[in-house]
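Here is what each chain is made of, one letter per residue.
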Amino acid sequence: MIHRSLVLRERITAIVGAALLLLLVGTAVVLNFVFTPSKLTPVVERIADRSLNARLRMGGVELTFFSTFPRFGVKLTDGTLVSTALRDTLWQRTDTLLTFRKAVLVFNPVSYLRHRKIDILKLSLDSADVYAFRDGTGRANWDILPSADTLASGTAADTTADTVRTVSEISVRHVALRHGSVTFDDRETKVFANIRDAGLRLRARLGEGHSMLALDFRNRNILFWQDGELLVNRVATRLRASVELDRAQRTLTLHDALLGINGTELDLTGTVRRDTA
């Protein structure tokens, strides 16, 4: 009897192992011969061009499996997002809203299918440069989302509302930004600001009763001009904080927070509670 059980267990193990091997081989075939970067990249670009008031161009779009096993992910390389909100052709430097060297997104679709939970395992962005520009008439290059009158009446809003209602929790386990720069150029208010060589690590969880956010941000320099006058320069900052929101107790708690400016650091901690009196 014991011998039969051992034989049966070995057979089941062999069958499961063979099935996993076939799955891995099938996945490798699909990724290397069907969903190749050369086939995926133009498809993603066309979808983005139709959905946004912008032109997205990338060096490659790749589905990851082996590097992010056992989760699937998407890797984008050498991306440029050019806004068409100001002009359709003859683009200038101010139309380039975003450039990046590499972006990787890894998520867990099973969590949403089983528990209606959005689970982002990893989101990383390397060497990203954002240029937010507004001209003298108030038109901005970041207005790339379709206007309400271009959408089907009520369809998009209803779909978005249904999606929000069906999500029980949002979990972001790891966000990383390396060597990022942000430029804000407002010709209407004559404000120019630049954050250079920024880095960010973040994790968050948004639930119905309890939410948390932990982040660590730092940058090499902040530059700020207004009306042709230089107001801020050579300012390196750091912000590290862990924040918890308890909706039942109506409290917002700050743990182990640190604010630093040019090497001078200030520790912060405490709790904010809603006045129920």
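All residue numbers here refer to positions counted from 1 along the written sequence of the relevant chain. Local features in this predicted model are restricted to residues whose pLDDT is 70 or higher, and side-chain atom pairs enter the listing and the counts only when it is 80 or higher, whereas totals over whole chains, interfaces and linings include all residues. Side-chain figures throughout are based on the complete set of non-hydrogen atoms in the structure, without hydrogens or water.

A. Summary view of the confidence of the model for the protein. Each residue carries a pLDDT score, the predictor's own confidence in it, on a scale running from 0 to 100. Per-residue pLDDT for the protein averages 82, and the proportion of residues at 70 or more is 77%. We call two residues in contact whenever any of their non-hydrogen atoms come within 4.5 Å of each other. Segment residues 20-31 is flagged for pLDDT under 50; beyond a separation of four residues in sequence, or across chains, it makes eleven contacts in the model. Contacts of residues 153-165 to residues separated by more than four positions or lying in other chains number one contact, the stretch itself having pLDDT below 50.

B. Spotlight on helix 2 (residues 37-51). Between the first and last C-alpha of helix 2 there are 21 Å, a value that for 15 residues agrees with the 21 Å anticipated at 1.5 Å per step. Three exposure classes are used, based on accessible area relative to the maximum for each residue type with a 1.4 Å probe and protein chains only: buried under 20%, partly exposed in between, and exposed over 50%. Secondary structure counts use DSSP, requiring at least four H or I residues in a row for a helix and at least two E residues in a row for a strand, with both numbered from the N terminus. Where helix 2 is concerned, the buried positions are L40, T41, E45, A48 and D49. Along the axis of helix 2, the buried positions cluster into a sector of 160°, meaning they face one direction only. To estimate how far a helix should extend, the number of its residues minus one is multiplied by 1.5 Å. An arc is given here, and it is the one of the directions from the helix axis to the C-beta atoms.

C. Up close: the pairing of strand 4 (residues 96-107). Strand pairing follows a simple DSSP-based rule, namely that at least 2 bridges must link the two strands. Summarising the sheet, strand 3 (residues 73-83) and strand 4 pair through nine bridges and their orientation is antiparallel. Bridged to G73 within strand 4 is V106. When strand 4 meets strand 6 (residues 129-134), the two strands line up antiparallel, connected through two bridges. Among the inter-strand pairings, L98 is bridged to a residue of strand 6, identified as V130.

D. Geometry of the nonpolar core. Nonpolar core, defined: a set of buried Ala, Val, Leu, Ile, Met, Phe, Trp, Tyr and Cys residues in which side-chain atoms within 4.5 Å join the residues together. The biggest cluster of nonpolar side chains holds twelve residues, and these are L40, A48, A54, L56, M58, V61, L81, L97, F100, A103, A128 and I144. At the level of elements, helix 2, strand 1 (54-57) and strand 4 are the ones that each hand at least two residues to this core. Considering every element that reaches this core, the biggest residue donor is strand 4, with three residues. Setting aside its immediate chain neighbours within four residues, A54 contacts A48, D49, L81, V82, S83, T84 and I144.

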